[in-house]
Amino acid sequence: MLREDIIIDIFSGWRSFLRKCLFRVLRVGPIPSHIAVIMDGNRRYAKKKKIDDMTGYDAGALALLHLIIYCMELGVKYVTAYAFSIDNFRRHPEEVQKIMDLTMESVMLLTWISKLRLVRVHFAGNLQLLSADIQDAAKRLMESTAGYNNFVLTICICYTCSDEILHAVEESCKEKWDDGIGIMGYDEGNDYERLIKVVDIEKHMYMAIAPDPDILIRTGGEYRLSNFLIWQSSCCHLSSLGTVWPEFGMFHLVWVVLDFQQNYRYFAKKKLQL
Ligand SMILES: CC(C)=CCC/C(C)=C/CC/C(C)=C/COP(=O)(O)OP(=O)(O)O
């Protein structure tokens, strides 16, 4: 489903020209550095269009591809997408398989795009839960694009933020242990001192390669974070849209960015207080 000719079509033509003009106007205001997205409503879209759920996910993957290209053109440097939560393993096996197939297809397509546009691709999550072939393909893509920094795409797969925190705590403890330091101690004044600090945890988060998101978009009319980037979103503009994910398009992005620009001063002030 995801094909190279679709990408060429999005990048070129008169629609691309008009979009670039619109984005130029939008760039007069502050542009978010990182947009994260919870792509909800794929099955509802399928029901609405009377197509099968699996085709709904195809449409969702295509909407993600559009978002990535729009963000590149707009000057957003980081995009993070919640593709599959660890809890999603409880879904129907056919659905789980469909998302895994889409992940494999995306790896192939992203290999092509990443070279063309110097995109770094990162997979965040407990990758050991993936099948060996997807793990290998994902790791190869991450390694081969690690040196690119025009744009950073993170696909959160087999991800929950609680698992990410657990992983980071484990890695921090291991690191202290390997350095011959315990995980708790006393400083000279005999006051209790934490030897594992927030910076240690943050260093080992799956999302350590990106700054905290400026905007978190959730489609499908829900207002939950669903265990996505909870650690990273304390000072982030949340945007819940009623639109189902496959229908998310350029005008939704423009609307969200305008809303961000209107609230920019407030968030900039909050960030300074952290
Ligand atoms: C790159 C890559 C792997 C892309 C994945 C494509 C994609 C759109 C994944 C979404 C996954 C998901 C479980 C969304 C929730 O929507 P839902 O289907 O649960 O929505 P509903 O609320 O209508 O049931």
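This one's a predicted model, so the numbers in the text were calculated from it and none came from an experiment.

Cut-off values and rules
Residues numbered from 1 in each chain as written. Predicted model: local features only at pLDDT ≥ 70, side-chain atom pairs only at ≥ 80, totals over all residues. Heavy atoms only, no water. Helix = DSSP H or I, 4+ residues; strand = E, 2+ residues; numbered from the N terminus. 1 Å grid on protein atoms, 1.4 Å probe; cavity = no way out; pocket = protein on both sides within 12 Å on 5 of 7 lines; lining within 4 Å. Points joined across faces, edges and corners; volume = space filled by probe spheres on them. Nonpolar A, V, L, I, M, F, W, Y, C, P; charged D, E, K, R; others polar. Near = heavy atom within 4 Å. Polar contact = N/O pair within 3.5 Å; in protein donor to acceptor, adjacent residues only side chain to side chain. Areas by Shrake-Rupley, 256 points an atom, 1.4 Å probe, with all protein chains shown as cover. Sits in = over half its atoms within 2 Å of the grid points.

Caption draft 1: Region of the structure containing unusual backbone geometry. Even without being glycine, Cys-158 reaches a positive phi, approximately 50°. Residue position: Cys-158 is located in strand S4 (residues 151–159). Although it is not a glycine, Asn-227 sits at a positive phi angle of roughly 60°.

Caption draft 2: Fine view of the layout of surface pockets. Of the volumes computed, that of the largest pocket is approximately 790 Å³. When residues of the lining of the largest pocket are traced back to their parent elements, those giving at least two are helix H3 (42–49), helix H4 (53–74), strand S2 (78–85) and helix H5 (93–117). A breakdown of the residues in the lining of the largest pocket according to their chemical character gives 18 nonpolar, eight polar and eight charged.

Caption draft 3: Up close: the site of the ligand. Among the 17 residues in the neighbourhood of the ligand, the closest are listed as Asp-40, Gly-41, Arg-43, Arg-44 and Arg-91. With respect to the ligand, the side chain of Asp-40 contributes an N or O atom lying 3.0 Å from an oxygen atom. With respect to the ligand, the side chain of Tyr-57 contributes an N or O atom lying 3.0 Å from an oxygen atom. Protein contact buries 92% of the 630 Å² of open area that the ligand shows by itself. Spatially, the ligand is embedded in the largest pocket. Among the elements of the structure, H3, H4 and H5 are those that each provide at least two residues to the shell around the ligand. Of the residues forming the shell around the ligand, the biggest block, four residues, is contributed by H4. Broken down by class, the residue content of the shell around the ligand amounts to seven nonpolar, six polar and four charged.

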